[in-house]
Amino acid sequence: MQADQEVINRWSASAPFWEKHGEIIRQMFAPITEALVEDAQIGLQQTVLDIATGPGEPALSVAAVVGSKGKVYGIDPIPEMVQAARRAADDLGLNNAQFDVAFAEQLPFSDDTFDAVISRFGVMFFSSPVDAVREMLRVLKPGRKLALGVWHFAEENPFHYTLSRVIEQYVDSPPVVPDAPDAFRFARSGKLTEVLVEAGVRAASERLFQFNIQTPISVEDYWTLRLEMSEKLREKIAMLSKQQVTEVKRQVLDALREYSTDLGMSFPAEVLIVSGSKSGAA
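S.K.: Please set out the packing of aromatic side chains residue by residue, giving values where relevant.
M.R.: Tallied over the full model, the rule gives 15 aromatic pairs. Their ring planes at 80 degrees and their centres at 5.3 Å tell us that F29 and F121 sit as a pair that is edge-to-face. Placement of F29 in helix α2 (residues 22-39) and of F121 in the loop between β4 (114-120) and α5 (129-139) is noted, with a sequence separation of 92 residues between them. Accessibility assignment for this pair places F29 and F121 in one class, buried. Between Y73 and F109 the ring centres are 5.6 Å apart and the planes differ by 70 degrees, which places this aromatic pair in the edge-to-face class. Of this pair, Y73 sits in strand β2 (residues 71-76) while F109 sits in the loop between β3 (97-101) and β4, and the two are 36 residues apart along the sequence. Classification of F109 as buried rests on a relative accessible area of 15%. Members of the aromatic cluster, each reached through a chain of ring pairs, are F29, F121, W151, F159, Y222, Y259 and F267.

Here it is in C-alpha cells:
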C-alpha cells in the first residue's frame, strides 16, 4: 500500500528539526507517553511496538519501562526519522530498542508477536487507518492491548493555535478536506473509536486526557521550535514579506506570553487516548 507521498515529504523535511529538538519534544509529550503506557498495560519484560515512532519517541521512553529483559520496536515510514531514532538509542546506550523503516499498513512482523502496540500522533496521517489497526491486531498477542494518542480539537490546544491563528490572518488556509491526513483528523470524540471497532478491536474505548505541555524554553525559543517542527507553518511563513514576518512574529510573541512562566512555557492541552484489545485469552 502506498503511503501519501505529500505526508512523507513533509515529515522528511522536518526530521532534522525533530532530532535537533528531541529532548524538548520528549519532555513536552511525556505525559502522553505515560498515558499510553498505562492504557496499553505495558510492563517489565514485555515486547512492545511503537508505530510512527518518528525520531524514537515514545519507544525510547518505553524501553526503560520494559527493562533490559524487554524489547521495544519502533517503525516509521521516514528513513531520516528512523536514522535519528537509531542515533538516539546509541547515545542512550540502549540495547533493547530497535528501529526500522516500515508502514503501519504493512507491518514486517509475525502474527501474535507483541504484548502491546502504541502510536502517539501517528494514526492521523495513515493512508488507511482501518487497515493499519487491523495490522496492529494481527501482530498483537491475543488478549493484549493497543493504545493510540491523537489531538483533540485545535481550539483546545494553544500549543497549535497560538501560531496558526496569527499566520492565518496573512495566508489563506483552505479548510482541510474531510478525512485528509491532518493533525486533527480524529479530534471528534468517537471518530477513532469507530475505526477501531470497524477493524475488529474488542472493547474499544476513549478517554479525554488533559495535561500541560511544559518546556523550559523562552517565548522566542518556542517560536523557533514550533516553526521548525511544522513544515506547513514554515511554508506559510515563506509566503510572507519580510515586513509581514516581523509583524506576525510580534503578534505571536505577544500571544505566547500568556503561557510563559518562571519555568518556561506551559500550555494546557487535550488529547484523546483510544484503546482496546485483541480477542482471545491473554
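S.K.: Can you explain the pattern of salt bridges? Please cite residues and give values.
M.R.: Applying the stated criterion across every chain, the model contains 20 salt bridges. Residue E19 pairs with R87 through a salt bridge whose shortest N-O separation is 2.8 Å. With E19 in helix α1 (residues 5-20) and R87 in helix α4 (residues 79-92), the pair connects residues that are 68 residues apart, well separated along the chain. One salt bridge connects R188 with E194, and the closest N-O pair in it is separated by 3.6 Å. Under the relative-accessibility criterion, R188 is labelled partly exposed at 40%. For E194, a relative accessible area of 46% translates into the label partly exposed. Taken together, the shared-partner salt bridges connect E247, R250, D254 and R257 into one network.

S.K.: Tell me about α2, residues and numbers included.
M.R.: Compared with an ideal rise of 1.5 Å per residue, which puts 18 residues at 26 Å, α2 spans 24 Å between its outermost C-alpha atoms and is within 8% of the ideal. By the largest-angle criterion, F29 marks the main kink of α2, which is about 55 degrees, and a proline, P31, follows within four residues. I25, M28, F29, I32, T33, A35, L36, V37 and D39 are the residues of α2 that are buried. Residue Q41 follows α2 closely and has a positive phi angle near 55 degrees.

S.K.: Go over unusual backbone geometry, please, and point to the residues and values.
M.R.: Here the amide bond leading from E57 into P58 is cis, since omega sits at 10 degrees, within 30 degrees of zero. In this fold, P58 is placed in the loop between β1 (47-51) and α3 (59-66). One non-glycine residue, Q45, lies in the positive phi region at around 70 degrees. Looking at the secondary structure, you find Q45 in the loop between α2 and β1. A relative accessible area of 54% places Q45 in the exposed class.

S.K.: I'd like a rundown of the environment of I8, residues and numbers included.
M.R.: Note that I8 resides in helix α1. Taking C-alpha positions, I8 is 31 Å from Q41, a pair spaced 33 residues apart along the chain.

S.K.: Quick rundown of the pairing of strand β5 (residues 140-151)? Include the residues and the values.
M.R.: Remark: a regular strand shows side chains that alternate across the two faces of the sheet. Burial analysis of β5 places ten of its twelve residues in the buried class, which makes it a mostly covered element. Pairing of β4 with β5 involves six bridges; the strand directions are parallel. Across the sheet, the residue bridging to F114 is L140, located in β5. A crossover links β4 with its parallel partner β5, the connecting element being α5, and its sense is right-handed. The pairing of β5 with strand β8 (residues 264-277) spans seven bridges and is classified as antiparallel.

S.K.: Outline the pairing of β8, supporting the account with residue identities and numerical values.
M.R.: Counted residue by residue, β8 has 13 buried out of 14 residues, so it is predominantly covered. Bridge analysis of strand β6 (residues 202-215) against β8 gives twelve bridges, and the strand direction is antiparallel. Each bridged residue has a counterpart across the sheet, and for N212 the counterpart in β8 is P268. Pairing geometry for strand β7 (residues 260-261) and β8, over two bridges, is antiparallel.

About the criteria used
- Counting from 1, residues in each chain are numbered in the order their sequence is written.
- Restriction of local features to residues with pLDDT of at least 70 applies here, the model being predicted, together with a cutoff of 80 or more for giving and counting side-chain atom pairs; totals for whole chains, interfaces and linings are based on all residues.
- With hydrogens and water excluded, all non-hydrogen atoms of the structure serve as input to the side-chain values.
- For Phe, Tyr and Trp, where Trp contributes only its six-membered ring, two rings pair if their centres lie within 6.5 Å, and the inter-plane angle classes them as stacked under 30 degrees, edge-to-face over 60, or tilted in between.
- A run of H or I in DSSP becomes a helix once it reaches four residues, and a run of E becomes a strand once it reaches two; helices and strands are each numbered from the N terminus.
- The classification of residues rests on relative accessible area computed with a 1.4 Å probe and restricted to protein chains. Under 20% of the type maximum is buried, over 50% is exposed, and intermediate values are partly exposed.
- By definition here, a salt bridge exists when the distance from a side-chain nitrogen of Lys or Arg to a carboxyl oxygen of Asp or Glu is within 4 Å.
- Multiply 1.5 Å by the residue count of a helix minus one, and that product is the helix's expected span.
- One axis is fitted to the seven residues ending at the residue and one to the seven starting there. The bend at that residue is the angle between these axes.
- When DSSP finds two or more bridges between two strands, those strands count as paired.
- When the strands point away from the viewer and the connection leading from the first strand across the helix to the second strand turns clockwise, the crossover is called right-handed.

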